[in-house]
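Residue-level structural notes
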Amino acid sequence: MRFQLRLIPFVVTVLLCAVGISLGQWQTQRAEQKEAMALLAAQQSRLPPIALTSPLPENLQVERRELVLEGDFVSEWPLYLDNRPHHGVAGFYVLMPFRLKGSELHVMIVRGWQARNPNNRTNLPTLRTPSETLQIRGVARQQLDKVLQLGTQEAYAKAAIIQNVDLKEFQTQTKLRFADFFVEQTSLVDDGLQRDWLKPSVGADKHRAYAFQWYALAIMALIFFVVTGFRRGKNQ
């Protein structure tokens, strides 16, 4: 048995193996990140809720902690995060600044999910927002999941439909002072929004399945290269 090496098939095989292994590792890391977030969320859920006041305590670790906030919504500044499907239905995450009572510090609240008009995505239903001071509960998030965005983010506008939100940039444009985290609201308010948030571990199995496919691609490319090399040598 002889093995005949050819340069072009060799280069293509190396490239396919490199791509398959690197993407497989990336998908594996994504799965591990989601599993780590799920573990953190489970640990944090057993801790008592934090009553958030201003100024914030130093070295405050809030990721996945339950928070209690008292204040009022800045109703003139709703934001709608696009491309956030829920149970297969297209829709938005509705965001709104929340000013803490007796303070100028704001927290960006992810109030809930709202379905999108299937005929006209810019036709937004009336958003019901309590005008009085109220107490809400929620879970802190350092970052929200981002979606693919083509081009740069336009200047923020009231009731804008956007892909992602940058708190620092939003603070600069609006002159409102913000805490450096988001809060996914869990307390009930009569506003028609849905708040059955996805668990942090959702998607980990999908990432591992994708990783298996990429690793399989690398293995198949290598096997094909070896088999065809021996066949060429045999024929010669």
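Scroll up to find the structure.
Residues numbered from 1 in each chain as written. Predicted model: local features only at pLDDT ≥ 70, side-chain atom pairs only at ≥ 80, totals over all residues. Heavy atoms only, no water.

**Some words on the packing of aromatic side chains**
In the structure shown here, the tally under the stated rule is seven aromatic pairs. A centroid spacing of 5.3 Å and a plane angle of 85° characterise the contact between Tyr156 and Phe170, whose relative ring orientation is edge-to-face. Taken together, the residues span a long stretch of sequence, with Tyr156 in the loop between strand S6 (134-141) and strand S7 (160-162) and Phe170 in helix H2 (residues 167-174) at a distance of 14 residues. Grouping aromatic residues by their ring pairs yields a cluster made of Trp77, Tyr156, Phe170 and Phe178. The ring of Phe73 carries Arg111 above its face, with NZ or CZ at 4.7 Å from the centroid. (Phe/Tyr/Trp six-rings, centres within 6.5 Å; stacked < 30°, edge-to-face > 60°. Helix = DSSP H or I, 4+ residues; strand = E, 2+ residues; numbered from the N terminus. Lys NZ or Arg CZ within 6 Å of the ring centre and 35° of its normal.)

**Quick word on the packing of helix H1 (residues 7-45) against helix H3 (residues 204-235)**
The geometry of H1 relative to H3 is characterised by a closest axis approach of 8 Å and an angle of 165° between their N-to-C directions. With respect to their mutual orientation, H1 and H3 come out roughly antiparallel. Note on packing geometry: the crossing formed by H1 with H3 is left-handed. Of the residues contributing to the contact of H1 with H3, the split by class is 17 nonpolar, seven polar and five charged. (Axes fitted to C-alpha atoms, helices over the stretch in contact; angles between N-to-C directions. Parallel < 35°, antiparallel > 145°, perpendicular 65-115°, else oblique. Left-handed = near helix turned anticlockwise from the far one by under 90°. Nonpolar A, V, L, I, M, F, W, Y, C, P; charged D, E, K, R; others polar.)

**A short note on unusual backbone geometry**
One non-glycine residue with positive phi stands out, namely Arg64, at about 70°. Relative to the elements of secondary structure, Arg64 occurs in the loop between strand S1 (50-51) and strand S2 (66-73). Positive phi values are uncommon outside glycine, yet His87 reaches one of about 55°. As for its placement among the helices and strands, His87 is situated in the loop between strand S3 (79-81) and strand S4 (91-100). Here His87 falls in the exposed class, since its relative accessible area comes to 67%. (Buried < 20%, exposed > 50% of the residue type's maximum accessible area, 1.4 Å probe, protein only.)

**Some thoughts on the pattern of salt bridges**
Under the definition given, this model contains twelve salt bridges. Arg137 is the partner of Glu66 in a salt bridge, and the nearest nitrogen-oxygen pair spans 3.0 Å. On the criterion of sequence distance, the pair formed by Glu66 in strand S2 and Arg137 in strand S6 is long-range, its members being 71 residues apart. Residue classification places Glu66 among the partly exposed residues on the basis of a relative accessible area of 28%. Residue classification places Arg137 among the partly exposed residues on the basis of a relative accessible area of 34%. Several salt bridges converge on common partners, so that one network encompasses Asp82, Arg116 and Arg121. (Salt bridge = Lys/Arg side-chain N within 4 Å of Asp/Glu carboxyl O.)

**Things to note about H3**
Helix length check: H3 (32 residues) gives 47 Å between terminal C-alpha atoms against 46 Å at 1.5 Å per residue, within 8%. Buried within H3 we find Ala204, His207, Ala211, Ala218, Ala221, Phe225, Thr228, Gly229, Arg232 and Gly233. Among the structural elements, H1 are those in contact with the buried residues of H3. (Expected span 1.5 Å × (residues − 1). Contact = heavy atoms within 4.5 Å.)

**Quick notes on the nonpolar core**
Among the nonpolar cores identified, the biggest contains 24 residues, and Leu67, Leu69, Phe98, Val107, Ile109 and Phe181 are the most heavily contacted of them. Elements represented by at least two residues in this core include exactly S2, S4, strand S5 (105-115), S6 and strand S8 (177-185). Of the residues forming this core, the biggest block, five residues, is contributed by S4. For Leu67, the contacting residues outside a window of four places in its chain are Ile50, Leu52, Val62, Ile136, Arg137, Gly138, Ala140, Phe181 and Val183. Core analysis: the next-biggest nonpolar cluster, separate from the first, contains 20 residues, Met108, Val110, Leu144 and Trp197 among them. (Core = buried A, V, L, I, M, F, W, Y, C linked by side-chain atoms within 4.5 Å.)

**Quick notes on the environment of Leu5**
Within the secondary structure layout, Leu5 lies in the segment before H1. In this structure Leu5 comes out as exposed when scored by relative accessible area, which is 57%. Sequence spacing of Leu5 and Gly233 is 228 residues, and the spatial spacing of their C-alpha atoms is 8.5 Å. Among residues more than four places away in sequence, those in contact with Leu5 are Phe10 and Phe225.

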